[in-house]
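Descriptive analysis of the structure
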Amino acid sequence: MTMRPRMSTSLSWVCRLSSTRPLPVGAKLLRPLRPRLELLPPRPYSTSTWAGSQPLKHASQLRKVAIVSFALGAVGCYGLQRGTDTRDAPLTHRVSSVHAAGGAAGSSSLLNASNAPSELPFTYGTPEDVTKAIEELRQAFPESRVSTDPSVLQLHGSSENSYHPSSPHSVVVQASSTEDVVKIVNISRKYRVPIIPYSGATSLEGHFSGVSMIVFVHLLRLSHSSSMPRAVYASTCRPWIKYSRSTVHILRQSFPEFPFSQRHSEADGDLTCQAGARWEDINSTLKEKGIPLFFPLDPGPGATIGGMVGTGCSGTNAVRYGTAKGEWFLSLTVVLPSGKVIKTRRRARKSAAGFDTTKLFIGAEGTLGIITEATLRLTPQVPTKVAMAQFPNVGTAVSAVNDILKTPYGHHIQCAELLDDNMMSAINAAGLVERPYPVQDTLFFKIQGSPESIMEASKAIQEIASKHGSSHFEFASTDEEAQEIWQNRKYALMSTLGAHLGTKCWTTDVCVPTSKLPQLVYETKADLAKADLKYTIVGHVGDGNFHALILFSNEKELEAVSAAVHRLIHRAIAMEGTCSGEHGVGIGKTEYLVEELGEGTVELMKTIKRAVDPLNLFNPGKLYPQNEPSHRRHVDL
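Everything numeric here is computed off the predicted structure, so don't read it as measured data. (Residues numbered from 1 in each chain as written. Predicted model: local features only at pLDDT ≥ 70, side-chain atom pairs only at ≥ 80, totals over all residues. Heavy atoms only, no water.)

Our focus in this paragraph is the overall build of the chain. On a plain count of helices and strands, the chain comes out with 19 helices and 21 strands. A buried classification covers 62% of the 637 residues belonging to the chain. Look at the contacts in the chain between residues 6 or more apart in sequence, and 81% of them connect residues 24 or more apart. Of the roughly 23,600 Å² of accessible surface on the chain, a fraction of 53% belongs to carbon and sulfur atoms. (Helix = DSSP H or I, 4+ residues; strand = E, 2+ residues; numbered from the N terminus. Buried < 20%, exposed > 50% of the residue type's maximum accessible area, 1.4 Å probe, protein only. Contact = heavy atoms within 4.5 Å. Areas by Shrake-Rupley, 256 points an atom, 1.4 Å probe, with all protein chains shown as cover.)

Glancing now at the packing of aromatic side chains. Under the defined criterion, the tally for this structure stands at 6 aromatic pairs. For the ring pair Tyr321 and Trp328, a centre distance of 6.0 Å and an interplane angle of 70° mean the geometry is edge-to-face. Across this residue pair, the class does not change: Tyr321 and Trp328 are buried. Ring-pair connections join several aromatic residues into one group, and the members of that group are Phe294, Tyr321 and Trp328. Lying over the aromatic face of Phe141, Lys183 brings its terminal NZ or CZ to 5.8 Å of the ring centre. Above the plane of the ring of Trp328 lies Arg377, whose end atom (NZ or CZ) is 3.9 Å from the centre. (Phe/Tyr/Trp six-rings, centres within 6.5 Å; stacked < 30°, edge-to-face > 60°. Lys NZ or Arg CZ within 6 Å of the ring centre and 35° of its normal.)

This brings us to the pattern of salt bridges. Here the structure, examined in full by the defined rule, presents 20 salt bridges. Residue Arg145 pairs with Asp180 through a salt bridge whose shortest N-O separation is 2.4 Å. You can see Arg145 sitting in the loop between α3 (127–140) and β2 (146–147) and its partner Asp180 sitting in helix α5 (residues 178–191), a full 35 residues away along the chain. Relative accessible area serves as the criterion here: at 11%, Arg145 is assigned to the buried category. The salt bridge involving Arg489 is made with Glu417; its shortest N-O contact spans 2.7 Å. Taken as a pair, Arg489 in helix α14 (residues 479–490) and Glu417 in strand β16 (residues 413–419) lie far apart in primary sequence, 72 residues in all. Like Arg489, the residue Glu417 is buried in the burial classification. (Salt bridge = Lys/Arg side-chain N within 4 Å of Asp/Glu carboxyl O.)

Moving on: the sheet that holds strand β11 (residues 329–335). An order of β9-β13-β11-β12 is seen for the 4 strands of this open sheet, with the pairing classed as antiparallel. If you trace the sheet from one side to the other, it starts and ends with β9 (270–274) and β12 (341–343), each paired once. Geometrically, the sheet is characterised by an average inter-axis angle of 15° between neighbouring strands, direction not taken into account. Where α5 meets the sheet, its contacts fall on β11, β12 and β13 (370–377), and the angle it forms with β11 comes to roughly 45°. (Pairing = 2+ DSSP bridges. Axes fitted to C-alpha atoms, helices over the stretch in contact; angles between N-to-C directions.)

At a minimum axis distance of 9 Å, the contact between α3 and α5 shows a crossing angle of 155°. By the criterion of interaxial angle, the relationship of α3 to α5 is roughly antiparallel. Considering only the axes of α3 and α5, their crossing is right-handed. Here α3 contributes Asp129, Lys132, Ala133, Glu136, Leu137 and Ala140 to the contact with α5, which in turn contributes Lys183, Ile184, Ile187, Lys190 and Tyr191. Along the lines of polarity and charge, the residues of the contact of α3 with α5 split into 6 nonpolar, no polar and 5 charged. (Parallel < 35°, antiparallel > 145°, perpendicular 65-115°, else oblique. Left-handed = near helix turned anticlockwise from the far one by under 90°. Nonpolar A, V, L, I, M, F, W, Y, C, P; charged D, E, K, R; others polar.)

Structurally, Gln626 is set in the segment after α19 (599–612). On the basis of relative accessible area, Gln626 is assigned to the partly exposed category, the value being 24%. In this structure, the C-alpha to C-alpha distance between Gln626 and Glu591, residues 35 residues apart in sequence, is 7.2 Å.

Right, let's get into the nonpolar core. Core analysis: the biggest nonpolar cluster contains 86 residues, and Phe295, Ile305, Met308, Phe329, Leu376, Phe445 and Phe546 have the highest contact counts within it. The leading source of residues in this core is helix α17 (residues 555–574), at 8 residues. Counting 23 residues, the second largest nonpolar core, distinct from the first, contains Tyr124, Ile195, Leu615 and Leu617. (Core = buried A, V, L, I, M, F, W, Y, C linked by side-chain atoms within 4.5 Å.)

Okay, helix α13 (residues 451–467) next. An ideal rise of 1.5 Å per residue puts 24 Å on 17 residues; α13 measures up with 25 Å between its terminal C-alpha atoms. Among the residues of α13, Ser453, Ile454, Ala457, Ser458, Ala460, Ile461, Ile464 and Ala465 are the ones counted as buried. Those residues of α13 that are buried lie in contact with β15 (384–391), α11 (394–405), β16, β17 (441–448) and β18 (472–475). With its phi angle positive at about 90°, Gly469 sits one or two positions after the end of α13. (Expected span 1.5 Å × (residues − 1).)

Written as structure tokens, this is what we have:
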């Protein structure tokens, strides 16, 4: 069934950067899977519609939104709200105190939460203003860095891994420096054209989805590191800026050489890079240069620093090193909606001077500012050993991890990952392993420390696992086998798709207190089985976070998947958990924030947004709940 596409009059700036270097992780494992993935049916872009709505016939049915996506790593959000059909009237939404030119209009009154409107304010320009903005962008940047090519706009307006509403941007623009971003922001503000930041394009909740009337800023060109050798720059991506009539979006592309600054300090254990740098490239380059440090945050393959900041990411190392909301980002350089550039703090490891403004932008999903540079805290590389333990069920596996973490050896656990029996079967069927694994609920451990401490911790872990009914426990015999085991976990999505050809996958995540995780997983598996849906489950059991990868192949199954995801999230919140442990909110989970955080907290978030971005130009429609949530999604099949 193919849905009719919405008419999009958006002008997206897209400057696409093609990477010439493959991801440093998983290339070997991806080779046998690639022929299988090529058999998957293509997913048409930008034909999703709002639940229950008819295809739009006029651009005025959508509120104008501008999205800026930067290769610097900021993840952009889009506003996908339907407005009234004013036909010939300008696509604007009037809000008191926000009419004057410039980004500061009405900001003082917006600080008063008691008088603040329930919806975020904005006053956007007319289609003619968008056309003028694009022309000015063409004057400000070389022709090769500004694109309105329809195929480029479609490509960067949606994701193959997200089934939330989207449409092409209006224009995509490539940015390669903080100064470029300032130019784009100033033009956006001048013509009231919204902006969406874009980075590694690995997010799953519609963070960079396109909507009409948006400028799209591609930041992947902002990928050089000012505190590392030039080789780091060669392996990362330049930022691009993409403009949809109202959206600016920045994408990623590799380029041969980046400027080098002497601000790098191995002695201080930190690194300064642009937002388009990939975490894998940073770590691989540190290793190549013989620097015994690494950046421990490890989200999905291909994620960039800006997007990691925007979504407040974590990964498999979170049980030992925590998340992005820890102290791993020492300082950020940010372009505000006013066009001003700020640096949140200096390089000191701690500071009691004023607000921690760095944290203000972590998890803000590009709605408060566009990240162009970040100073990262590094940590020493510690020898590790990988082990695998199999259990009769999820409950015993999770209970074993909880007991292990409470022992004196708990701090030696760098990672504790759960793969359910369906996931183990999928890994075998996808053909990514040289020898098949037993199909049982399984834990993958990464144990760190000196050889002696690893040996002691391993004995304790094996004893506890045995008490909880573990039927099989083994260590990787070689470094290559250990790497293969861990890459199988990191490429869970690709394994799931490779094992079920002809299907698509909706991936979601939730997080609960660790003691509640077995109950949540049991209830979710029973719910999915009752709905007759195919799925796999992987989880960071050390911190109560798990991912459900649910498969579908037609519109009816998609409806069932959407409903199952909705039930899963409410189930997690009822257990004092969260709608997302690490994927972020985007447009996919805004409807759950009031239930999780409460009206007062959500209104505080909106008050901050109105104060920083009174014109609502940055990544509108993302993160902040709207009045009319929709639980039903559509996709072309």
